[in-house]
Amino acid sequence: MKKQLLICTWLFSIVLLASCAETTTVNESNNAQACDTGTVRLIADFEASRMDECINQGNNKFVITIKPENTPINSSPWYAFKVVADQPTQVKVTIQIAGKRVNRYLPKISHDMVTWRTHTHKIRGKRLEFNVDASPKVLYIAAQEVINNQYYLDWAKHLETTTQVKQSRLGESIQGRPIYKLESKGNSDEWLVVLGRLHPPEITGALALFPFVETLLADNKFAENFRKKFNVLIIPNLNPDGVAMGNWRHNANGVDLNRDWITFKQPETTQVHQYLQHLVAQGQKIKFAVDFHSTQHDVFYTMPVDYGVEDRFFVKHWLGALNQSLPSFEVIQKPGNRPNNGVSKQYFADNYKVHAITYEVGDETNRDSIKVIANNAAVTLMQTLMSGADHNKE
């Protein structure tokens, strides 16, 4: 068994970081608190913050309860808040999840919303407990690194200044937030599609998407040749409302967007579908799609080779090459076929008869390893797409 990769590598990157049914009733959190006054304050007033209830027990002890935006829901309890004190003091924080759910994420802390680290903690049954040193300097605490909507805009603007990619508005969310697309167009009618952030707390998926895309857009001959042969469509942040609200999983309507790729009742997925249909109507072809997510461990969810998509062994060839390129990392493939489940990879297979994968990154996968794996995934994908091999033969 290979051990998880723990090495670092240079990447073209920017230094930034500033399954469920539809339901009709949404329990929106307004981040109600009883802890935002006094000499020690716990506050959730920034984009992507969440702290549904907070009780000050005295003696600098606080109990936070996190509630889902609505139910039923996949258990991915997101929390994000800040701690500030008039004088340096130690604070004890307990986080509990409403209902029978348990904590999924280990606490991360940061003073600047850029550099984060996992904080020392204890898990006592369903309660997450830890102490922090509070001071007049704001300390941010979150389930994962906070990547808000502005981060995506800054990232895209940087890419526009350093690559040939162009950003434009695809549409807007339920609450009117813009949904952006990035496009690199070459001398081709074939498209690689990259999707991200359908589920707001799945930060490690975003941490993989960034270097993956940056490698596709890199300023070198190999990547340039790839972009001449294939167009690239990137929609990195498909659920900006959920991101802003600090949702566990859903959009502002309380719907899991990765179950809506069959009914298209939500504007976010509908706009992607309509744009892809527009491309196809113009004689363009969807070649392959990658949708970035997070779960408890690294895994690639794929379509079965006998499902009826073209180049049936393409993904197997690509992920086999990725596995060979990373001697200390094991690429785990899990083929699956769920025609009525409304997930993105099934949508691409059923509508365009092509392979698509869900690229899942472990919640606690080493952050340097995420970059290395994503970089190699992009390189081997480009190599596989340009290889000229017969992908209908194993």
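The preceding data block contains the structure.
The structure presented is a predicted model; accordingly, all values stated were derived computationally and were not measured.

Analysis parameters
- Residues numbered from 1 in each chain as written.
- Predicted model: local features only at pLDDT ≥ 70, side-chain atom pairs only at ≥ 80, totals over all residues.
- Heavy atoms only, no water.
- Salt bridge = Lys/Arg side-chain N within 4 Å of Asp/Glu carboxyl O.
- Helix = DSSP H or I, 4+ residues; strand = E, 2+ residues; numbered from the N terminus.
- Buried < 20%, exposed > 50% of the residue type's maximum accessible area, 1.4 Å probe, protein only.
- Disulfide = S-S within 2.5 Å.
- Core = buried A, V, L, I, M, F, W, Y, C linked by side-chain atoms within 4.5 Å.
- Patch = residues over 30% accessible without salt bridge, like charges linked within 9 Å, V, L, I, M, F, W, Y side chains within 5 Å.
- Areas by Shrake-Rupley, 256 points an atom, 1.4 Å probe, with all protein chains shown as cover.
- Lys, Arg positive; Asp, Glu negative; His and termini not counted.
- Charge placed at Lys NZ, Arg CZ, Asp CG, Glu CD.
- Pairing = 2+ DSSP bridges.
- Expected span 1.5 Å × (residues − 1).
- Axes fitted to C-alpha atoms, helices over the stretch in contact; angles between N-to-C directions.
- Polar contact = N/O pair within 3.5 Å; in protein donor to acceptor, adjacent residues only side chain to side chain.
- Contact = heavy atoms within 4.5 Å.
- Right-handed = clockwise from strand over helix to strand, strands pointing away.

### Some details on the pattern of salt bridges
Point 1. Counted under the stated rule, the structure contains 17 salt bridges.
Point 2. Among the ionic pairs, Lys-287 bridges to Asp-311, the shortest N-O distance being 3.1 Å. Taken together, the residues Lys-287 in strand S15 (residues 285-295) and Asp-311 in the loop between strand S16 (299-302) and helix H6 (314-325) connect sequence positions 24 residues apart.
Point 3. Classification of Lys-287 as buried rests on a relative accessible area of 18%.
Point 4. Three or more residues are tied together by salt bridges with common partners; here these are Lys-285, Lys-287, Glu-310 and Asp-311.

### A look at the state of the cysteines
Point 1. Tallied over the full model, the rule gives one disulfide.
Point 2. The side chain of Cys-35 participates in a disulfide bridge whose partner is Cys-54; the two sulfur atoms lie 2.1 Å from each other. Between Cys-35 and Cys-54 the sulfur-sulfur dihedral comes to about -100 degrees; the bridge is accordingly left-handed. You can see Cys-35 sitting in the segment before strand S1 (40-43) and its partner Cys-54 sitting in strand S2 (residues 53-58), a full 19 residues away along the chain.
Point 3. Look at Cys-35 and you get buried, because its relative accessible area is 1%.

### Details of the nonpolar core
Point 1. Among the nonpolar cores identified, the biggest contains 87 residues, and Leu-42, Phe-81, Ile-95, Phe-212 and Tyr-359 are the most heavily contacted of them.
Point 2. Counting 23 residues, the second-largest nonpolar core is a separate cluster that includes Val-193, Leu-198, Leu-238 and Tyr-347.

### Overview of a positive patch on the surface
Point 1. There is a patch of like positive charges on the surface, built from Lys-61, Lys-92, Lys-122 and Arg-127.
Point 2. With respect to the helices, strands and loops of the structure, Arg-127 is situated in strand S9 (residues 127-134).

### Quick notes on the sheet that holds S1
Point 1. The five strands lie next to each other as S1-S4-S10-S6-S7, forming an open sheet whose pairing is antiparallel. Edge strands, defined here as strands with exactly one partner in the open sheet, are S1 and strand S7 (117-118).

### Side note on helix H2 (residues 203-216)
Point 1. Counted at 1.5 Å a residue, the expected span for H2 with its 14 residues is 20 Å, and the 20 Å between its end C-alpha atoms agrees.
Point 2. The element H2 is largely enclosed, with a buried count of 14 among its 14 residues.

### Details of the sheet that holds strand S18 (residues 356-362)
Point 1. What the eight strands build is an open sheet, ordered S11-S12-S14-S13-S15-S18-S16-S17; its pairing is mixed. One side of each edge strand has no neighbouring strand; the edge strands of this open sheet are strand S11 (166-172) and strand S17 (333-335). Looking at each pair of strands side by side, their axes are set apart by 20 degrees on average, direction ignored.
Point 2. Here S16 runs beside S18; their pairing, made up of three bridges, is antiparallel.

### Quick notes on the side chain of Gln-346
Point 1. Checked against the element boundaries, Gln-346 lands in helix H7 (residues 344-352).
Point 2. Within the structure, the side chain of Gln-346 is placed 2.8 Å from the side chain of Tyr-307, a separation counted as a polar contact.
Point 3. Other than its neighbours up to four places away in sequence, Gln-346 contacts Met-303, Tyr-307, Asn-337, Arg-338 and Pro-339.

### Structural notes on helix H8 (residues 367-386)
Point 1. Spanning 20 residues, H8 covers 29 Å between terminal C-alpha atoms, matching the ideal 28 Å at 1.5 Å per step.
Point 2. Burial analysis of H8 places 14 of its 20 residues in the buried class, the great majority of the element.
Point 3. The backbone nitrogen of Asp-368 lies 3.0 Å from a side-chain oxygen of the residue at the head of H8, namely Asn-366.
Point 4. Count one or two residues on from H8 and you reach Gly-388, which has phi positive near 75 degrees.

### Focus: the environment of Arg-197
Point 1. By the element assignment, Arg-197 lies in the loop between strand S13 (190-196) and H2.
Point 2. Classification of Arg-197 by relative accessible area gives buried; the value is 5%.
Point 3. For the pair Arg-197 and Val-299, spaced 102 residues apart in sequence, the C-alpha separation works out to 17 Å.
Point 4. The contact partners of Arg-197, leaving out residues within four places of it in the chain, are Ile-147, Tyr-152, Ile-203, Pro-236, Asn-237, Leu-238, Asn-239, Val-243 and Phe-292.
Point 5. A distance of 2.8 Å separates a polar atom in the side chain of Arg-197 from the backbone oxygen of Ile-147.

### A look at the pairing of S16
Point 1. Pairing between S16 and S17: three bridges, direction parallel. Pairing of Tyr-301 across the sheet is with Lys-334, part of S17.
Point 2. For the crossover from S16 across H6 to S17, the handedness is right-handed.

### What to know about unusual backbone geometry
Point 1. Looking along the chain, the bond that leaves Thr-71 and enters Pro-72 is cis, with omega of 0 degrees.
Point 2. Positionally, Pro-72 belongs in the loop between strand S3 (61-66) and strand S4 (80-85).
Point 3. In the Ramachandran plot, Asn-60 falls in the positive-phi region, its phi being about 60 degrees despite a non-glycine side chain.
Point 4. Relative accessible area serves as the criterion here: at 26%, Asn-60 is assigned to the partly exposed category.

### Quick word on the environment of Ile-370
Point 1. Residue position: Ile-370 is located in helix H8.
Point 2. Classification of Ile-370 by relative accessible area gives buried; the value is 2%.
Point 3. Between the alpha carbons of Ile-370 and Arg-124 there is a distance of 29 Å; along the sequence they are 246 residues apart.
Point 4. Leave out the neighbours within four places in its chain, and Ile-370 touches Thr-204, Leu-207, Ala-208, Val-361 and Thr-365.

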